Amino acid sequence: MSEIRITPSILNADLGNLDSEIAKIAPVSDLLHLDIMDNKFVPNQTFSFDRAKEIIANSVMPIDAHLMISDPDLMAPKYAAAGAASVTVHIEAVNNLSKTINEIRINGAKVGVALKPKTQLADVLPYLPDLDLLLIMTVEPGFGGQKFMMDQVSKISQAKREIDQLNLKVLLQVDGGVSKETIQIARNAGANCFVAGNAVFKSENPNQMLQELRKLAIN
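Residues numbered from 1 in each chain as written. Predicted model: local features only at pLDDT ≥ 70, side-chain atom pairs only at ≥ 80, totals over all residues. Heavy atoms only, no water.

What follows deals with the overall build of the protein. Broken down by element type, the protein carries eight helices and eight strands. Over its C-alpha trace the protein gives a radius of gyration of 16 Å, about what one expects of a compact globule, namely 17 Å for 219 residues. Oriented by its inertia axes, the alpha-carbon framework of the protein measures out at about 45 × 40 × 30 Å. When the 219 residues of the protein are sorted by exposure, 55% land in the buried category. Long-range contacts, defined here as pairs at least 24 residues apart, represent 63% of the contacts in the protein between residues at least 6 apart. Taken as a whole, the protein presents about 9700 Å² of accessible surface, with 46% of it coming from carbon and sulfur. The positive charge centre, built from 21 side chains, and the negative charge centre, built from 25, are 3 Å apart in the protein. (Helix = DSSP H or I, 4+ residues; strand = E, 2+ residues; numbered from the N terminus. Rg over C-alpha atoms; globule rule 2.2 N^0.38 Å. Buried < 20%, exposed > 50% of the residue type's maximum accessible area, 1.4 Å probe, protein only. Contact = heavy atoms within 4.5 Å. Areas by Shrake-Rupley, 256 points an atom, 1.4 Å probe, with all protein chains shown as cover. Lys, Arg positive; Asp, Glu negative; His and termini not counted. Charge placed at Lys NZ, Arg CZ, Asp CG, Glu CD.)

Our next topic: the environment of Asp35. Note on placement: Asp35 falls in strand β2 (residues 32-37). Note on Asp35: relative accessible area 4%, which makes it buried. Sequence spacing of Asp35 and Gly190 is 155 residues, and the spatial spacing of their C-alpha atoms is 23 Å. If we skip the residues at most four places from it in the chain, Asp35 touches Ser9, Leu11, Thr46, Phe47, His66, Met68 and Asp175. At 2.5 Å, the side chain of Asp35 forms a polar contact with the side chain of Ser9. (Polar contact = N/O pair within 3.5 Å; in protein donor to acceptor, adjacent residues only side chain to side chain.)

Here we take up helix α5 (residues 153-165). The terminal C-alpha atoms of α5 lie 19 Å apart, and with 13 residues this matches the ideal 18 Å at 1.5 Å per residue to within 8%. Looking at α5, one finds that the buried residues are Val153, Lys155, Ile156, Ala159 and Ile163. One side of α5 carries all its buried residues, which in axial view fall inside an arc of 155°. Buried residues belonging to α5 abut β5 (110-115), β6 (133-137), β7 (171-175) and α6 (183-189). Just downstream of α5 lies Asn167, where phi reads positive at about 55°. (Expected span 1.5 Å × (residues − 1). Arc of directions from axis to C-beta.)

A word on the pairing of β7. For β7, the tally of buried residues reaches five of five residues, placing the bulk of the element in the interior. Here β7 shows a buried face lined by Leu171, Gln173 and Asp175 and a second buried face lined by Leu172 and Val174. Bridging between β6 and β7 involves five bridges; their strand directions are parallel. Across the sheet, Leu134 pairs through a bridge with Leu172, a residue of β7. (Pairing = 2+ DSSP bridges.)

The next subject is the sheet that holds strand β1 (residues 5-8). Pairing is parallel across the open sheet formed by eight strands, whose spatial order is β1-β8-β7-β6-β5-β4-β3-β2. Both edges of this open sheet fall to β1 and β2, since each of them pairs with a single strand only. Each neighbouring strand pair of the sheet contributes to a mean axis angle of 25°, computed without reference to strand direction. In the sheet, β2 pairs with strand β3 (residues 63-68) via six bridges, with the strands oriented parallel. Directly across from Met37, in β3, lies its bridge partner Met68. Those strands touched by helix α2 (residues 49-58) are β2 and β3, and its axis lies near 175° from that of β2. (Axes fitted to C-alpha atoms, helices over the stretch in contact; angles between N-to-C directions.)

The subject of this paragraph is α2. Three or more residues of α2 are buried, namely Ala52, Ile55 and Ile56. Buried positions in α2, seen along its axis, are confined to an arc of 100° and lie on one side of it. Facing away from the buried surface of α2 by more than 90 degrees, the exposed residues are Asp50, Ala57 and Asn58. Where α2 is buried, its residues touch α1 (18-25), β2, β3 and α3 (72-81).

Have a look at this one:
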């Protein structure tokens, strides 16, 4: 799968004017990345499930829900049932990954699994054929605006080799520090789905920034 996907994160958007923020980037985005944090799995808190349901229901774009929470086995299927296009859980937080993957899919969403920087790729390889998306975190999850971790590039490359060897149609997503300076590095390593937050919503023109990021990823 070579199609490039750009999925801006609203973590750094003006949450008080979320509809207008989404409207800025909707014409040039593939998905909207929704970071769900519970102040347990990561030291930050964002949206409650009820608020997330409202965002999913009202969004003009499909939602890519990234659950950085301590109880994904319970909550991930609920996000799927609420209408998220894809639901990504962290392998470090899941108790029964096979069961949770199945329940996300049964409830109508595509399935993603995320790895924190210190988590080995080998941990997720047995589940790779069951996934639609593999997320390599290029920062420690919890806060936007962090610097892209160059030591994760080799993990991206290794993941790309594993996906290709199995001839899988799994999106290889990167999240963390994605910008005009780093997106080509991640793309050259094999990523084809990019989460960009700070670079987009802290720019003067989020729409234009997303177009520039896409061009850099394609070239």
